[in-house]
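If you want the building blocks of each chain, they are given just below.
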Amino acid sequence: MVSQVVPVEPFDLVVFGATGDLAQRKLIPALYHRLADGQMPDTARIIGVARTAIGREEFRAMASKALETHVAAADLTDDLRRRFLDCVDFVRLDVTGDEGWDALREALGRDENRVHAFYMSVAPRFFGSIALGIRKAGLAEGNVRIVVEKPLGHDLESAQALNRQLGKCFSETQIYRIDHYLGKETVQNLMALRFANTLFEPLWNAQYIDHVQITVAENVGIAGRGPYYDTIGAMRDMVQNHLLQLVCLTAMEPPAQFEPDAVRDEKLKVLKALEPLVDPAQVVRGQYRANGESGSYRQDAQNPDSHTESFIALKLGVSNWRWAGVPFYLRTGKRLRNRLSEIVVHFRKVPHSIFQGDHSHLHSNVLAIRLQPDEGITLSVTIKDPGPGGMRLTDTQLDMSFSSGLKRPVHRMPDAYERLVMDVIRGDQTLFMRGDEVEAAWRWSDRVIGGWQGQEAPHPYDAGSSGPEDALMLMHRDGRRWREIAT
Ligand code: BG6
């Protein structure tokens, strides 16, 4: 079979914060898989940077451990592990000082044609000093990219300050802002579904769509990062970035090409068309309480008086010709019944039924794009119930799970970071957020957050449930209901 993988050019990837959780849990395993698939050349180098007092061998041992923990045993062979670790180097450097930059320059070498990518896997307060350090050390010349990741600000003002800070050292085409949801296979599939098929696009508007539901439910709590999470909450942690990106991809106009600025221009238009949420009843905030074995949010946050939301549901509108009057219902939360992320498009009912009898139990067509778990698409359609007995109608599902629905079996769904890191090396910004997008998302989110300041505490919900009752009411009031977060 012809390989599906196009190898990238040799590169040096410098990972600041290389001993931290993201690097160990996501980046190292992602790069290993890209090497195993033949996409990352053996001459590529991954240079871990941290202030920890360790050397190259200790860092390699750490990376090896990360592979054991986060790569399935069947995918980890001794030969590949050795080849991968041969690519790994380490430089000790404290990003707040001047020392270590010479060693990094040494490690990088002088080949200006080679891609040099600097991944800032550190807290955002260090982004500015790292950007400056790279420039001062003379490492910003040539084929250079920097990668940053959320939180990209806490509000509009801090996001603008961050953009200005990065903009002093790098041009927009060199800045790769990751939202890892854009690297998820099914999120990219949403674009394929919409723009590589004629079937859906003619129906993708207010005339045929009744409403859209987007759910990102997690069963985990916030234990482990409680006090930090308590300063942000679900709106800043999930809605401002991941969920709004999903809204953008669902609602945007077809870009002229699948090309960075064409796609990002269209997403930006959606963000600018989001209606301000002026009615407080359109936002429901929740906080999980103890249930059975599960402790409460307040225990996990170590804050007995916390008013931070671990759940949020909201109803928003996109004010443009295509979407006028079509509500988008969003919800996300921790410690919910199950882990489930999906975008669900509910089409309108047929304008007139030619069939006799009571069909009120039947649903209209529903297209569900499942991001996780078990990535796939289902389309519910109404058919004739097979067999004698007249023209009886029933609902059925056309179900395509990507792991089983393709001719070529999918052995493993690549993690979002695999795609995104390779795109950085290839210099493709299509799946990365532009500075103005991030700011537009904050502009809208700040107003939502401003709307609940000083208001009552979030509604409690049981850990392991579907969220607070009021979130159900958000839809019931409109004569609609959420899809179940099944166990
Ligand atoms: C992160 C949030 O961005 O996304 C976490 O900070 C959340 O709170 C995570 O758990 C969810 O990502 P995924 O890929 O597991 O859906």
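What comes next is a walk through the structure.

1. What to know about the pairing of strand β13 (residues 376-384)
In summary, the side chains of a regular strand alternate between the two faces of the sheet.
Line of reasoning, step 1. In terms of strand pairing, strand β12 (residues 366-372) meets β13 through 5 bridges, oriented antiparallel. Residue pairing for β13: Ala368 is matched across the bridge by Thr378.
Line of reasoning, step 2. Taking the residues that link successive antiparallel strands as the turn, the β12-β13 hairpin has 3 residues, and the phi of Asp374 there is positive, at about 50°.
Line of reasoning, step 3. Two elements, β13 and strand β14 (residues 393-401), share 9 bridges in a ladder whose sense is antiparallel. Directly across from Ile377, in β14, lies its bridge partner Met400.

2. Quick look at helix α15 (residues 469-476)
Line of reasoning, step 1. The complete set of buried residues in α15 reads Ala471, Leu474 and Met475. Taken end-on, α15 shows its buried residues confined to a sector of 85°, consistent with a single buried face.
Line of reasoning, step 2. In the core, the buried residues of α15 are packed alongside β7 (209-217), β8 (283-289), β9 (311-316) and β10 (328-333).

3. Thoughts on the sheet that holds β8
Line of reasoning, step 1. As summarised here, the arrangement of the 9 strands in space is β14-β13-β12-β11-β7-β10-β9-β8-β15, forming an open sheet in which the pairing is mixed. Two strands in the sheet have a free side with no partner beyond their single neighbour: β14 and β15 (459-462). The average angle at which neighbouring strand axes cross in this sheet is 20°, direction not considered.
Line of reasoning, step 2. Sheet analysis places β7 next to β10, joined by 6 bridges and oriented parallel. For Ala217, the partnering residue across the bridge sits in β10 and is Gly333.
Line of reasoning, step 3. Taken strand by strand, helix α7 (residues 185-195) contacts β11 (340-347), β12 and β13, and its axis lies near 150° from that of β12.
Line of reasoning, step 4. Along the sheet, helix α14 (residues 435-452) contacts β8 and β9; its crossing angle with β9, the most-contacted strand, is approximately 115°.

4. With respect to the packing of aromatic side chains
Line of reasoning, step 1. With the rule as written, the count across this model stands at 12 aromatic pairs.
Line of reasoning, step 2. Between Tyr288 and Tyr461, the aromatic rings sit 6.3 Å apart at their centres with planes inclined by 70°, giving edge-to-face as the arrangement. Residue Tyr288 is located in strand β8, and its partner Tyr461 is located in strand β15; the two are separated by 173 residues in the primary sequence.
Line of reasoning, step 3. Note on Tyr288: relative accessible area 1%, which makes it buried.
Line of reasoning, step 4. Owing to a relative accessible area of 1%, Tyr461 belongs among the buried residues under this scheme.
Line of reasoning, step 5. Through a chain of ring-to-ring contacts, three or more aromatic side chains come together here, namely Tyr229, Tyr288, Tyr297, Phe311 and Tyr461.
Line of reasoning, step 6. The ring of Tyr181 has Lys184 sitting right over it, with the charged end atom 4.6 Å from the ring centre.
Line of reasoning, step 7. Residue placement shows Arg335 over the ring face of Tyr288; its charged tip is 5.9 Å from the ring centre.

5. Some points on the side chain of Asp423
Line of reasoning, step 1. With respect to the helices and strands, the residue Asp423 is situated in helix α13 (residues 416-426).
Line of reasoning, step 2. Not counting residues within four places of it along the chain, the set of residues in contact with Asp423 comprises Tyr176, Asp428, Leu431 and Phe432.

6. Re the sheet that holds strand β3 (residues 88-92)
Line of reasoning, step 1. Read from one edge to the other, the open sheet built from 6 strands follows the order β3-β2-β1-β4-β5-β6, with strand pairing classed as parallel. Because the sheet does not close on itself, it has two edges, and the strands there are β3 and β6 (175-178). Neighbour-to-neighbour, the strand axes of the sheet open up by a mean angle of 20°, direction not taken into account.
Line of reasoning, step 2. Across 4 bridges, strand β4 (residues 115-120) lies against strand β5 (residues 144-149) in parallel orientation. Looking at β5, one finds that Ala117 is bridged to Arg145.

Basis of the calculations
Residues numbered from 1 in each chain as written. Predicted model: local features only at pLDDT ≥ 70, side-chain atom pairs only at ≥ 80, totals over all residues. Heavy atoms only, no water. Pairing = 2+ DSSP bridges. Helix = DSSP H or I, 4+ residues; strand = E, 2+ residues; numbered from the N terminus. Buried < 20%, exposed > 50% of the residue type's maximum accessible area, 1.4 Å probe, protein only. Arc of directions from axis to C-beta. Contact = heavy atoms within 4.5 Å. Axes fitted to C-alpha atoms, helices over the stretch in contact; angles between N-to-C directions. Phe/Tyr/Trp six-rings, centres within 6.5 Å; stacked < 30°, edge-to-face > 60°. Lys NZ or Arg CZ within 6 Å of the ring centre and 35° of its normal.

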